[in-house]
Amino acid sequence: MDEIAIYTDGACSGNPGPGGWGVVLLYRDQKKELSGFVADTTNNRMELTAVITGLSSLKTNQVPITVYTDSKYIVDAVNQNWLTNWQNKGWRNTAKKPVANRDLWEQLLALNQKYHPRYTWVKGHSTNVYNNRCDEMAVQAIKDHTL
């Protein structure tokens, strides 16, 4: 069965500090790479930005989509229903404090409702060639803009 695979990663030099993100999209025999830079950000924002950018670049929701990320924060927020719970509690976490990065979580929520992707965690800085490529692009984006 056809599937769109979206590999993502974010990086930050300091936290907060300059950040970058990378995305590899795979569909059949096609591969597309995207990356970007933000001057003052956090690692979690870059991880979220990578996923949002990957999903936003899609032109169809007619095939299954899997997002592969090394961010347990994102995978758990979706797969363990943290995102739904935060929304239901007025964007408050279990400590009753405002959820960090709400603006990006709301964007991700809308994209999840449109595309219904499956989220899968991959070990970062390991043997996954596409996750490693995303990391390379994220780090390079930082280097390109801070040297």
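Just above sits the structure.
Residues numbered from 1 in each chain as written. Predicted model: local features only at pLDDT ≥ 70, side-chain atom pairs only at ≥ 80, totals over all residues. Heavy atoms only, no water.

Caption draft 1: Region of interest: the packing of helix H2 (residues 72-79) against helix H4 (residues 102-115). Interhelical geometry of H2 versus H4 gives an angle of 55° and a closest axis separation of 12 Å. By the angle class used here, H2 and H4 are oblique. H2 and H4 meet at a crossing whose hand is right-handed. Touching Tyr73, Ile74, Ala77 and Val78 of H2 are Trp105, Leu108 and Asn112, all from H4. Across the contact of H2 with H4, the residue classes break down as six nonpolar, one polar and no charged. (Axes fitted to C-alpha atoms, helices over the stretch in contact; angles between N-to-C directions. Helix = DSSP H or I, 4+ residues; strand = E, 2+ residues; numbered from the N terminus. Parallel < 35°, antiparallel > 145°, perpendicular 65-115°, else oblique. Left-handed = near helix turned anticlockwise from the far one by under 90°. Contact = heavy atoms within 4.5 Å. Nonpolar A, V, L, I, M, F, W, Y, C, P; charged D, E, K, R; others polar.)

Caption draft 2: Geometry of the nonpolar core. In this structure, Ile6, Leu55, Leu58, Trp105, Leu108 and Tyr119 are the most contacted members of the largest nonpolar core, which totals 30 residues. Elements represented by at least two residues in this core include exactly strand E1 (4-12), strand E2 (17-27), helix H1 (43-56), strand E4 (65-69), H2, helix H3 (82-88) and H4. If sequence neighbours within four positions are ignored, Leu58 has contacts with Ile4, Ile6, Leu25, Ile65 and Tyr115. Counting eight residues, the second largest nonpolar core, distinct from the first, contains Tyr7, Leu26, Tyr68 and Val122. (Core = buried A, V, L, I, M, F, W, Y, C linked by side-chain atoms within 4.5 Å. Buried < 20%, exposed > 50% of the residue type's maximum accessible area, 1.4 Å probe, protein only.)

Caption draft 3: Layout of the side chain of Glu47. You can see Glu47 is positioned in helix H1. At 13 Å, Arg45 is the nearest oppositely charged side chain to Glu47, a buried residue that forms no salt bridge. Look past the residues within four positions of Glu47 in its chain and what remains in contact with it is Asp9, Gly10, Thr69, Asp70, Ser71 and Ile74. (Lys, Arg positive; Asp, Glu negative; His and termini not counted. Salt bridge = Lys/Arg side-chain N within 4 Å of Asp/Glu carboxyl O.)

Caption draft 4: Representation of the packing of aromatic side chains in the model. What the rule picks out here adds up to five aromatic pairs. The interplanar angle of 65° and the centroid separation of 5.2 Å between the aromatic rings of Trp86 and Trp105 together place this pair among those described as edge-to-face. Placement of Trp86 in helix H3 and of Trp105 in helix H4 is noted, with a sequence separation of 19 residues between them. Note on Trp86: relative accessible area 10%, which makes it buried. Through pairs of rings, three or more aromatic residues link up here, namely Tyr73, Trp82, Trp86 and Trp105. The ring of Trp121 carries the charged tip of Lys72 above its face, separated from the ring centre by 5.0 Å. (Phe/Tyr/Trp six-rings, centres within 6.5 Å; stacked < 30°, edge-to-face > 60°. Lys NZ or Arg CZ within 6 Å of the ring centre and 35° of its normal.)

Caption draft 5: Geometry of the sheet that holds E1. The sheet built from five strands is open, its strands ordered E3-E2-E1-E4-E5 with mixed pairing. Each edge of the open sheet carries a strand with a single partner, namely strand E3 (30-41) and strand E5 (118-121). Ignoring which end each strand starts from, the neighbouring axes of this sheet average 20° apart. Pairing of E2 with E3, which is carried by ten bridges, proceeds in the antiparallel orientation. Note on E3: the bridge partner recorded for Val24 is Glu33. Helix-sheet contacts for helix H5 (residues 129-146) involve E1, E2 and E3, and the interaxial angle to E2 is about 145°. (Pairing = 2+ DSSP bridges.)

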